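Spelled out from the first residue to the last, the chains are:
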Amino acid sequence: MESQGAKRGAGELKDGVTGGPSKRSRPAPSLPTEASLYAGPFPFYRRPSELGCFSLDAERRYHGDSRALRYFAPPPAHGSAPDFDLREGYPERYRPRNEEIREGLDHLLRWLLEHRGQLEGGPGWLAGAVVTWRGHLTKLLTTPYELREGWQLAASRLQGTLYLSEVETPAARAQRLTRPPLLRELMYMGYKFEQYMCADTPGGSPDPSGEVNTNVAFCSVFRSRLGTHPLLFSGEVDCIDPKAPSTQPPACYVELKTSKEMHSPGQWKSFYRHKLLKWWAQSFLPGVPRVVAGFRDPEGSVRSFRTFPTMEMFELIRSDREGWNPSVCMNFCAAFLSFAQSTVTQDDPRLVHLFSWEPGGPVTVSVHHGAPYAFLPTWYVEAVTQNFPSPPKTSCPED
Ligand code: GDP
Ligand code: MG
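Residues numbered from 1 in each chain as written. Chains lettered and ligands numbered in written order. Predicted model: local features only at pLDDT ≥ 70, side-chain atom pairs only at ≥ 80, totals over all residues. Heavy atoms only, no water.

- As named in an unreviewed UniProt entry, the protein chain is Decapping nuclease, taken from Monodelphis domestica.
- The UniProt entry for the protein chain carries the following text under Subcellular location (unreviewed entry): "Nucleus".
- The Sequence similarities (unreviewed entry) field of the UniProt record for the protein chain holds the comment "Belongs to the DXO/Dom3Z family." (UniProt positions renumbered as here; feature names shortened; annotations may be inferred.)

Right, dumping it as structure tokens:
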């Protein structure tokens, strides 16, 4: 099925850069990722607004409502020190999501199909937008500082809109399949913390006796714009604070995290350099105003809390010459979106431009048709093309 596979792959980069054997060969496009290239003023970023939401239940079934939303219910601030045993219930009350099932953008596309008639922004807004998961944008934001994990993003254009869907890299897959037992338990602990901190009703109390089922998710759908790029993305939201000063999403949303207790200034510095960057990027994108962290001891019990207001995170690293800079993150993301928009010129849901990045190198592109990279489902493509006919495609032997 890879009729055009890797025609403009990284293999041609050198030829392209040196002009290649033929005068006509254009340089294979690539995008550098060095942080120093993206310093400069913070770009325009529209205050994110919530367009809607959906929920995934214990069987990972879609519901077009907020049934999976939970309510922030922390222990009393001046009570005794917390003692949440994050390992409690593991492994017998853990139902992890099946990570072999590749969902792509499917749930988000279902929401979009059901709401595209009522989208704000005026006619044609969606045609100029990028549609993706928040988590994919988070990876773009942190790319100039990432030293370990590469990524691949598949891109297809349909009726103008550019869709971006992550592809698991072979290295990430290998790591997932050989995930050490300790890491599995750490993942459980993060979800267990949410169970200790959230209630099912506003004003209710958490019930840590149930199972931890990571199929369940509440996802909010956001609209924003980065520079000239209108964005529609969805992200999983941990909980809403019924006591927040503003009841309007995303201002009332809270992101929950756990991390190891820190004991030295050096440990804090490293935390600010690495983990806080990821926390900032993830919450800044949807405008979630605060991250509440539980710090666990070596036995896995939460011993203290700290709230990190998203808009104050950069202050904690600003004076560190080896720290991160939000402008670099956002400027790189904007540059990637421009790069993707200008690379994917054909409107064809079966055509995939695969953007690949490994630390230390530039973002490169390869071109593919059909399986396995095509990710826009037939039900989506047919539904949107029925109401909005486009000229018949030239015949394609692969289809
Ligand atoms: P995050 O920011 O990385 O947590 O990801 P998003 O909030 O953008 O999540 C988008 C969708 O992907 C939601 O339906 C999540 O439940 C799902 N999701 C998030 N992380 C993972 C993951 O590690 N593996 C899989 N298979 N799905 C995930
Ligand atoms: Mg969380």
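Structure's up, so let's keep going.
1. A closer look at the packing of helix α3 (residues 134-142) against helix α7 (residues 275-284)
Phase 1: Running from N to C, α3 and α7 cross one another at 135°; their axes reach a closest spacing of 9 Å. As the angle between them shows, α3 and α7 are arranged oblique. Remark: the crossing between α3 and α7 carries right-handed chirality. Contacts between α3 and α7 pair R134, T138, L141 and T142 from the former with L277, K278, W280, A281 and Q282 from the latter.
Phase 2: Considered class by class, the residues forming the contact of α3 with α7 number four nonpolar, three polar and two charged. (Axes fitted to C-alpha atoms, helices over the stretch in contact; angles between N-to-C directions. Helix = DSSP H or I, 4+ residues; strand = E, 2+ residues; numbered from the N terminus. Parallel < 35°, antiparallel > 145°, perpendicular 65-115°, else oblique. Left-handed = near helix turned anticlockwise from the far one by under 90°. Contact = heavy atoms within 4.5 Å. Nonpolar A, V, L, I, M, F, W, Y, C, P; charged D, E, K, R; others polar.)

2. Digging into the coordination of the magnesium ion (ligand 2)
Phase 1: Protein ligation of the magnesium ion (ligand 2) involves D238 (OD), E255 (OE) and L256 (O), the donor distances falling in the range 2.2 to 2.5 Å.
Phase 2: Spacing between the donor residues of the magnesium ion (ligand 2) along their common chain follows D-x16-E-L. With a gap of 17 residues between them, D238 in the loop between β13 (229-236) and β14 (239-240) and E255 in strand β15 (residues 253-260) connect regions that are remote in the sequence. When sorted by exposure, D238 lands in the same class as E255, which is buried. (Donors = N, O, S within 2.8 Å, 3.2 Å for Na, K, Ca; no water. Buried < 20%, exposed > 50% of the residue type's maximum accessible area, 1.4 Å probe, protein only.)

3. Notes on the pattern of salt bridges
Phase 1: Under the definition given, this model contains 27 salt bridges.
Phase 2: Across the pair R61 and E59 runs a salt bridge whose closest N-O atoms are separated by 3.2 Å.
Phase 3: E99 is the salt-bridge partner of R179, the closest N and O atoms lying 2.9 Å from each other. One end of the pair, R179, is in the loop between α4 (170-177) and α5 (181-197); the other, E99, is in the loop between β6 (94-95) and α2 (106-115), and 80 residues separate them in sequence.
Phase 4: Residue E99 is classed as partly exposed on the basis of its relative accessible area of 28%.
Phase 5: One network of salt bridges, with partners in common, ties together D57, E59, R61, R95 and E211. (Salt bridge = Lys/Arg side-chain N within 4 Å of Asp/Glu carboxyl O.)

4. Some thoughts on the sheet that holds strand β19 (residues 363-369)
Phase 1: Here ten strands make up an open sheet; going across it, the order is β1-β19-β18-β8-β9-β7-β13-β12-β2-β3 and the pairing mixed. Pairing within the sheet leaves two strands with one partner each, and these edge strands are β1 (30-31) and β3 (62-63).
Phase 2: In this structure, strand β7 (residues 130-133) lies alongside β13, joined through four bridges in parallel fashion. Residue pairing for β13: W133 is matched across the bridge by S234.
Phase 3: Running at roughly 95° to β7, α3 makes contact with β7, β8 (151-158), β9 (161-167) and β13 of the sheet. (Pairing = 2+ DSSP bridges.)

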